[in-house]
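Here's the letter readout for the chains.
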Amino acid sequence: MYQADVEIYADTSNYAVMRHPGRENPGSLIQGDSLSILCQSADDIRRELDRGDLEEALGELEYLRELLWGRLEHYQAVLEDHDLALPMGKRLEPDPPLEEYEVDDAE
């Protein structure tokens, strides 16, 4: 292990954005528990596909997309707030758009 100074642009819990020494662009730090959730979600999609349950797989895929796009949208906003160029050249948006779920007031 070693210690080094990093540039921290956002230290929001589970959504830290920082630039590591020697890197041109900031990165998005993913905590280990959050990384495990992303991996488990990908495994859930694979299991549902293996079972042939495309509807359930699509639901799991939309959940994973929400998690990933939420991180990317936060990252893009932080860079824009600090007048930094986006490494991908332009702001990205989900395509197709994320599913919008109706909230059931009866629950």
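Residues numbered from 1 in each chain as written. Predicted model: local features only at pLDDT ≥ 70, side-chain atom pairs only at ≥ 80, totals over all residues. Heavy atoms only, no water.

Student: I'm lost on the environment of D11 in this one. Help?
Tutor: Mapped onto the elements of the fold, D11 is located in the loop between β1 (7–10) and β2 (17–19). Given a relative accessible area of 67%, D11 falls into the exposed group. Residues D11 and L29, spaced 18 residues apart in sequence, show a C-alpha to C-alpha distance of 9.4 Å. (Helix = DSSP H or I, 4+ residues; strand = E, 2+ residues; numbered from the N terminus. Buried < 20%, exposed > 50% of the residue type's maximum accessible area, 1.4 Å probe, protein only.)

Student: I keep staring at the pairing of β1 and nothing clicks. Help me out?
Tutor: Consecutive side chains along a regular strand alternate between the two faces of the sheet. Here β1 runs beside β2; their pairing, made up of three bridges, is antiparallel. Within the sheet, the bridge partner assigned to A10 lies in β2 and is V17. Where β1 folds back on β2, the antiparallel hairpin that results is connected by six residues, among which N14 adopts a positive phi of roughly 70°. (Pairing = 2+ DSSP bridges.)

Student: When you look at the pattern of salt bridges in this model, what are you seeing that I'm missing?
Tutor: Side-chain pairs of opposite charge can arise where the charged atoms are in close proximity. Enumeration according to the criterion identifies seven salt bridges in this entry. Several salt bridges share partner residues, and in doing so they unite E80, R91 and E93 into one network. (Salt bridge = Lys/Arg side-chain N within 4 Å of Asp/Glu carboxyl O.)

Student: How should unusual backbone geometry be read in this particular structure?
Tutor: For residues besides glycine, phi is generally negative; the peptide bonds are generally trans as well. Cis geometry is found at the peptide bond from D95 to P96, where omega equals 10°. Within the secondary structure layout, P96 lies in the segment after α2 (54–81). Of note in this structure, N14 is not a glycine but carries a positive phi near 70°. As for its position among the elements, N14 is in the loop between β1 and β2. Taking relative accessible area as the criterion, N14 reaches 33% and is therefore assigned partly exposed. The phi dihedral of D83 is positive, around 55°, even though this residue is not glycine. Mapped onto the elements of the fold, D83 is located in the segment after α2. We classify D83 as exposed; its relative accessible area is 73%.

Any link to function would need more than the numbers given here.
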